[in-house]
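For reference, the chains in residue letters:
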Amino acid sequence: MAEIISTEDVHLYYGKKEALHGISMNFHENEITALIGPSGCGKSTYLRCINRMNDLLEDVTITGSFTFENQDIYAPNVDVVDLRKKVGMVFQQPNPFPFSVYDNVAYGLRLGKKQPKDFIDQRVEESLKQAAVWDEVKDDLHKSALAFSGGQQQRICIARVLAVHPKVILMDEPTSALDPISSSKIEDTLLKLKNDYSIIIVTHNMQQASRISDRTALLLNGDLIEYNRTEEMFLRPKEKITDDYLNGRFG
Ligand code: ADP
């Protein structure tokens, strides 16, 4: 598959503390890539660089190169709102706005130029279907998104990201706050979504990485230890430290 995002020699400092020590990774179209590693190893930090979420923090220095479809993500002329539509993000805690399901999913569509209602209706329905939550919310589209379960809220948040037709979806432990049945629904959804999108998912759950991802990267203390096709990495890790981590000997 073609590369959609490339990062080269990424260093990130929170103040003087270096949290990422030169990470180079490429991500491929229509694949799920999992970032795994113990808590605090830099997975979220790295993920948030990709759609410039760390720009929102003070005293953060980022060096290295990041490209999305061969364009520099950090070029001064990049419209960050537009970038975050193309490279959308789903967070650990479902974070619907305190609006109706419909208004949540329509939110990004209303940010730009005014769109006809038919168009928005259609996009809302299509996105909720893609996020596999349509059947559960279709009769309550005007009810508050907050009235739904955590798993349903997370799929509504996925629909909100899908509505603006991203190319890449970044997911930061999207199932860790959910029960096993909801998590499994999200995993099934992601496996379908990869036909149309590229997904980069942070997970502390190695079983989840092995079930759904095409490639897996292991980070430790801000370094990329190993990055390979998931099957290869789980069956034949190249580094001893990967083997130790995958077999629960630390972390
Ligand atoms: P992970 O996602 O793997 O759990 P993080 O990317 O959240 O790891 O954190 C990597 C390191 O950066 C940790 O040492 C963490 O304490 C530190 N860190 C994360 N966010 C901030 C922040 N906003 N300010 C300062 N340090 C941070």
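Now for a description of the structure that goes with this document. (Residues numbered from 1 in each chain as written. Predicted model: local features only at pLDDT ≥ 70, side-chain atom pairs only at ≥ 80, totals over all residues. Heavy atoms only, no water.)

Let's talk about the site of the ligand
For step 1, the next point in the chain: Near the ligand, the surroundings consist of 13 residues, among which Lys-17, Gly-40, Lys-43, Ser-44 and Thr-45 are the closest.
For step 2, the next point in the chain: In this structure, Tyr-14 approaches the ligand through a side-chain N or O atom, which is 3.3 Å from a nitrogen atom.
For step 3, the next point in the chain: For the ligand, an oxygen atom lies 3.1 Å from a polar atom in the backbone of Cys-41.
For step 4, the next point in the chain: Out of a free accessible area of 560 Å², the ligand has 63% covered by protein chains.
For step 5, the next point in the chain: Those elements that provide at least two residues to the shell around the ligand are β2 (17-28) and α1 (43-50). (Near = heavy atom within 4 Å. Polar contact = N/O pair within 3.5 Å; in protein donor to acceptor, adjacent residues only side chain to side chain. Areas by Shrake-Rupley, 256 points an atom, 1.4 Å probe, with all protein chains shown as cover. Helix = DSSP H or I, 4+ residues; strand = E, 2+ residues; numbered from the N terminus.)

Comments concerning the pairing of strand β10 (residues 223-229)
For step 1, the next point in the chain: Summarising the sheet, strand β9 (residues 215-220) and β10 pair through six bridges and their orientation is antiparallel. Paired with Leu-218 across the two strands is Glu-226, which belongs to β10.
For step 2, the next point in the chain: Hairpin geometry of β9 and β10 is characterised by an intervening segment of two residues between the two adjacent antiparallel strands and by a positive phi of about 45 degrees at Asn-221. (Pairing = 2+ DSSP bridges.)

Quick word on the pattern of salt bridges
Working definition: two side chains of opposite charge can pair if their charged atoms are close together.
For step 1, the next point in the chain: Applying the stated criterion across every chain, the model contains 16 salt bridges.
For step 2, the next point in the chain: With its nearest N and O atoms 2.7 Å apart, the salt bridge here joins Asp-55 to Arg-52.
For step 3, the next point in the chain: What makes Arg-52 buried here is its relative accessible area of 12%.
For step 4, the next point in the chain: We note a salt bridge from Glu-136 to Arg-155, for which the minimum N-O separation is 3.0 Å. On the criterion of sequence distance, the pair formed by Glu-136 in helix α5 (residues 134-137) and Arg-155 in helix α6 (residues 150-162) is long-range, its members being 19 residues apart.
For step 5, the next point in the chain: Judged by relative accessible area, Glu-136 falls into the partly exposed class, the value being 30%.
For step 6, the next point in the chain: On the basis of relative accessible area, Arg-155 is assigned to the buried category, the value being 2%.
For step 7, the next point in the chain: Three or more residues are tied together by salt bridges with common partners; here these are Lys-240, Asp-243, Asp-244 and Arg-249. (Salt bridge = Lys/Arg side-chain N within 4 Å of Asp/Glu carboxyl O. Buried < 20%, exposed > 50% of the residue type's maximum accessible area, 1.4 Å probe, protein only.)

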